[in-house]
Amino acid sequence: MLKTHWILKFSLAIHFTLVGFWAHSAESKGNAQAQVKLAQSILSKYWEAESVLMRVEKKVILSLLGRESTSSGMLLFSQGQLRMDFNKPIEQVVVINKKDIWLAKLTTQAKKESWKVTRVARSRAENQHALMALLFGDKKVWEKLDVQGVSEKGDLVSIQLKPKKPEFLPGIVRLALIVDKAVNEIRLIRQWDDSESEVQMKFFNMIFDIPFEKNIFDYKPPKGSQITEL
């Protein structure tokens, strides 16, 4: 998929640091506004980069059903476009390009594998990975959010946010992010929706300005896919 050969290691140390941070973080003695500006400056590095490649771990918690699932894979972001390829435990692909959002998942029924693919026009997909697209692609996102609180532990800064109006992030009632000011990188995004579900996205091992194939954000469903258009 990528022109440059890479080997990335999963960082357990960062994983457990983040978990502990959410459990025991203390209120920052610094200025909350300064910490928000710090987060904005860190995110601007992603907006301005030609590309960013990173390892990602996605955790979905369905509170009402008492279920949770974890997926891991790679994420490539470039100038408002995004591609995530998950390989564990189930193969999945998420592509956000300038026109569409594609959500694809490999399923097995009667011992036969097939892809279930959903295509959503980007203009209509406000609640389909909208948080990722906004945080990594829209410099005006902060105008749509209210800061509910700021806390920090060591080099990790946590910022809790809420949409100013429901229509700004449909279905999302609260969100938060953790940035690492030691290396100016984002470590975690969390979002909660109106069905009491939570999605966590953890990021590791970032490489900036890595070459990639020009058509990597194009997506063509595999032959025989079950395609749904929304």
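Asker: I'd like to hear about the overall build of the protein, residue by residue, with values.
Answerer: Scanning the protein from N- to C-terminus turns up three helices and 13 strands. Across the 230 residues in the protein, those meeting the buried criterion constitute 47%. For the protein, the share of sequence-separated contacts (at least 6 apart) that also reach a separation of at least 24 residues comes to 54%. Entry remark: accessible area of the protein is about 12,600 Å², with carbon and sulfur atoms responsible for 50%.

Asker: Requested: an account of the pattern of salt bridges, with residues and values cited.
Answerer: A complete count under the given rule lists eight salt bridges for this structure. For Asp 180, the salt bridge goes to Arg 187, with nearest N and O atoms at 3.7 Å. Comparing Asp 180 with Arg 187 shows no difference in burial state: the two are buried. Here the residues in one salt-bridge network are Asp 100, Arg 119 and Glu 229, joined through shared partners.

Asker: Please provide a residue-by-residue account of the nonpolar core, values included.
Answerer: With 37 residues, the main nonpolar core has Leu 75, Trp 142, Leu 177, Ile 186 and Phe 203 as its most contacted residues. Here the element with the most residues in this core is helix H2 (residues 32-48); it accounts for seven residues. One finds Val 93, Val 95, Leu 106 and Tyr 219 within the second-largest nonpolar core, a separate group that totals eight residues.

Asker: Describe unusual backbone geometry, naming the residues involved and giving the relevant values.
Answerer: Working note: non-glycine residues mostly have negative phi, and peptide bonds are mostly trans. Here the residue pair Lys 88 and Pro 89 is connected by a cis peptide bond, since its omega of -10 degrees sits within 30 degrees of zero. Tracing the backbone through its elements, the reader meets Pro 89 in the loop between strand E4 (81-88) and strand E5 (92-96). A positive phi angle, close to 50 degrees, is found at Gln 79, a residue other than glycine. Looking at the element boundaries, Gln 79 is found in the loop between strand E3 (67-78) and E4. With a phi close to 65 degrees, Glu 196 is a non-glycine residue in the positive phi region. Mapped onto the fold, Glu 196 is located in the loop between strand E11 (185-193) and strand E12 (197-208). Of the residues examined, Glu 196 reaches a relative accessible area of 51% and is grouped as exposed.

Asker: Account for the pairing of E11, naming residues and giving values.
Answerer: Burial runs high along E11: eight of the nine residues are buried. Bridge analysis of strand E10 (residues 172-180) against E11 gives eight bridges, and the strand direction is antiparallel. Each bridged residue has a counterpart across the sheet, and for Asp 180 the counterpart in E11 is Glu 185. Where E10 hands over to E11, the hairpin turn is made up of four residues, of which Asn 184 adopts a positive phi near 55 degrees.

Asker: Please set out the packing of aromatic side chains residue by residue, giving values where relevant.
Answerer: Taken as a whole and assessed by the stated rule, the structure comprises three aromatic pairs. Ring centres 5.3 Å apart and planes at 55 degrees place the aromatic pair Tyr 46 and Phe 208 in the tilted group. Here Tyr 46 is found in helix H2, whereas its partner Phe 208 is found in strand E12, with 162 residues between them in sequence. Look at Tyr 46 and you get buried, because its relative accessible area is 0%. Where Trp 102 meets Tyr 219, the ring centres are 5.3 Å apart and the plane angle is 45 degrees; that geometry is what we call tilted. On the criterion of sequence distance, the pair formed by Trp 102 in strand E6 (residues 100-109) and Tyr 219 in the loop between E12 and strand E13 (226-229) is long-range, its members being 117 residues apart.

Asker: So what's going on with the side chain of Ser 71? Residues and values would help.
Answerer: One can find Ser 71 in strand E3. Since its relative accessible area comes to 10%, Ser 71 is described here as buried. Side chain to side chain, Ser 71 and Gln 92 meet in a polar contact 3.4 Å long. For Ser 71, the residues in contact, after removing those within four places along its chain, are Val 56, Glu 57, Lys 58, Phe 86, Lys 88, Pro 89 and Gln 92.

Definitions and cut-offs
- Residues numbered from 1 in each chain as written.
- Predicted model: local features only at pLDDT ≥ 70, side-chain atom pairs only at ≥ 80, totals over all residues.
- Heavy atoms only, no water.
- Helix = DSSP H or I, 4+ residues; strand = E, 2+ residues; numbered from the N terminus.
- Buried < 20%, exposed > 50% of the residue type's maximum accessible area, 1.4 Å probe, protein only.
- Contact = heavy atoms within 4.5 Å.
- Areas by Shrake-Rupley, 256 points an atom, 1.4 Å probe, with all protein chains shown as cover.
- Salt bridge = Lys/Arg side-chain N within 4 Å of Asp/Glu carboxyl O.
- Core = buried A, V, L, I, M, F, W, Y, C linked by side-chain atoms within 4.5 Å.
- Pairing = 2+ DSSP bridges.
- Phe/Tyr/Trp six-rings, centres within 6.5 Å; stacked < 30°, edge-to-face > 60°.
- Polar contact = N/O pair within 3.5 Å; in protein donor to acceptor, adjacent residues only side chain to side chain.

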